[in-house]
Amino acid sequence: MFKQYLDIHPEVKSALEEGKPVVALESTIISHGMPYPENIKTARAVEEIVRENGAIPATIGILNGRLKVGLNDEELEYMGKGDDILKTSRRDLPFIIAKGLNGATTVASTMIIASLAGIKIFVTGGIGGVHREAQETFDISADLMELATTNVAVICAGAKSILDIGLTLEYLETHGVPVVGFGTEEFPAFFTRKSGFGVDYKVDSELELAKALKAKWDLNLKGGVVIGNPIPKEYEMDYKTITTAIEDALKEAKEKDIKGKETTPFLLSKIKAITGGKSLASNIQLVYNNAKVGSKLAVELSKLSKK
Ligand code: PSU
Ligand code: MN
């Protein structure tokens, strides 16, 4: 039934049929998270890193209402360049399809589409979460609900402190979503390795992670896992610089009354402008680092699944 909406790239399709490791990648980070042309350059490099580490990349997005699992060169370019690419989360999917529109998928909708295609591992930069002052605004990303229900593991560099990281972790705990640190006891804060908040489990190898994922899903414990992989030290941002930038961005968002789906893209582009592009360089590097871990994890998981 759902297959009629999916266009799975032939290379991805045969990899999935043969039980080879496949890694899903999102497109909101391309269309709304980074400027052109760095976005496309990064997206291509990430796909290359996935290949170098033994897996097949499947960048997910929506073109003319079709759910694309794996984009060709031209399609990827359009995701980064087109001016009619709508940020698409769970609630938007049916309408983007019905209207035949173009959509960039968020963590939530990428998880949904990956899961429909049979992909278990998804690499991105950062997840959405509970925004600061959510007590007043009710702004909680649909990414969190998705993690509670959809069986896909998300490798990220943690959550940006544009969010209330503490409340984000509480929400995940309530919904039974494990939060894991890859080689760390502390949940990373995207631009920095530390957030001041601990993880549920520190895991030191991709194999150990793969075993935990297999056990979770063998036991029918539905939902995803958040794997926090800290940005490499050499690309980490100065704590004070990034904290000030985030605070300034939040202040401006409030003044301009930015709301709903515009909030996250607004904050991301403000932070980039305030840091003079430094944050973009870090952002790119942390995604590369996540692609490495995610691909190795996909390789281990596919080996375990064959046993
Ligand atoms: N956080 C980042 N970079 C991003 C996003 C979040 O550091 O690009 C994107 C992801 O696609 C994520 C989405 O799923 O923003 C969350 O948006 P919202 O807060 O509106 O749910
Ligand atoms: Mn929101």
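Our structure's up above, just so we're on the same page.
First things first, this report covers the structure right here in the doc. Bear in mind the structure is a predicted one, so any value in this text is a computation, not a measurement. (Residues numbered from 1 in each chain as written. Chains lettered and ligands numbered in written order. Predicted model: local features only at pLDDT ≥ 70, side-chain atom pairs only at ≥ 80, totals over all residues. Heavy atoms only, no water.)

Here the bond from Tyr36 into Pro37 is cis, since omega is 5 degrees, no more than 30 degrees from zero. Note on placement: Pro37 falls in the loop between helix H2 (28-31) and helix H3 (38-52). Of note in this structure, Asn64 is not a glycine but carries a positive phi near 50 degrees. Structurally, Asn64 is set in the loop between strand S3 (56-63) and strand S4 (66-69). Since its relative accessible area comes to 59%, Asn64 is described here as exposed. Even without a glycine there, the phi angle at Phe190 is positive, about 70 degrees. (Helix = DSSP H or I, 4+ residues; strand = E, 2+ residues; numbered from the N terminus. Buried < 20%, exposed > 50% of the residue type's maximum accessible area, 1.4 Å probe, protein only.)

Here we come to the site of ligand 1. Close to ligand 1 lie 14 residues; Lys87, Ser141, Asp143, Lys160 and Thr264 are nearest. Here Ser141 contributes a side-chain N or O atom positioned 2.7 Å from an oxygen atom of ligand 1. Interatomic distance of 2.7 Å between a side-chain N/O atom of Thr264 and an oxygen atom of ligand 1. Protein contacts shield 93% of the accessible area of ligand 1, which totals 470 Å² for the unbound molecule. Put simply, the parts of the chain that give the shell around ligand 1 at least two residues each are H2 and helix H12 (263-274). Here the shell around ligand 1 is built from residues that sort into four nonpolar, six polar and four charged. (Near = heavy atom within 4 Å. Polar contact = N/O pair within 3.5 Å; in protein donor to acceptor, adjacent residues only side chain to side chain. Areas by Shrake-Rupley, 256 points an atom, 1.4 Å probe, with all protein chains shown as cover. Nonpolar A, V, L, I, M, F, W, Y, C, P; charged D, E, K, R; others polar.)

Turning to the pairing of strand S9 (residues 179-182), a few remarks are in order. Two faces make up the sheet, and in a regular strand the side chains alternate between them. Burial of the side chains of S9 extends over both faces: Val179 and Gly181 are buried on one face and Val180 and Phe182 on the other. Sheet topology note: the S9/strand S11 (residues 225-228) ladder contains three bridges and is parallel. The partner of Val179 across the bridge, within S11, is Val226. The pairing of S9 with strand S10 (residues 201-203) spans three bridges and is classified as parallel. The residue bridging Val180 from the neighbouring strand is Tyr201, located in S10. (Pairing = 2+ DSSP bridges.)

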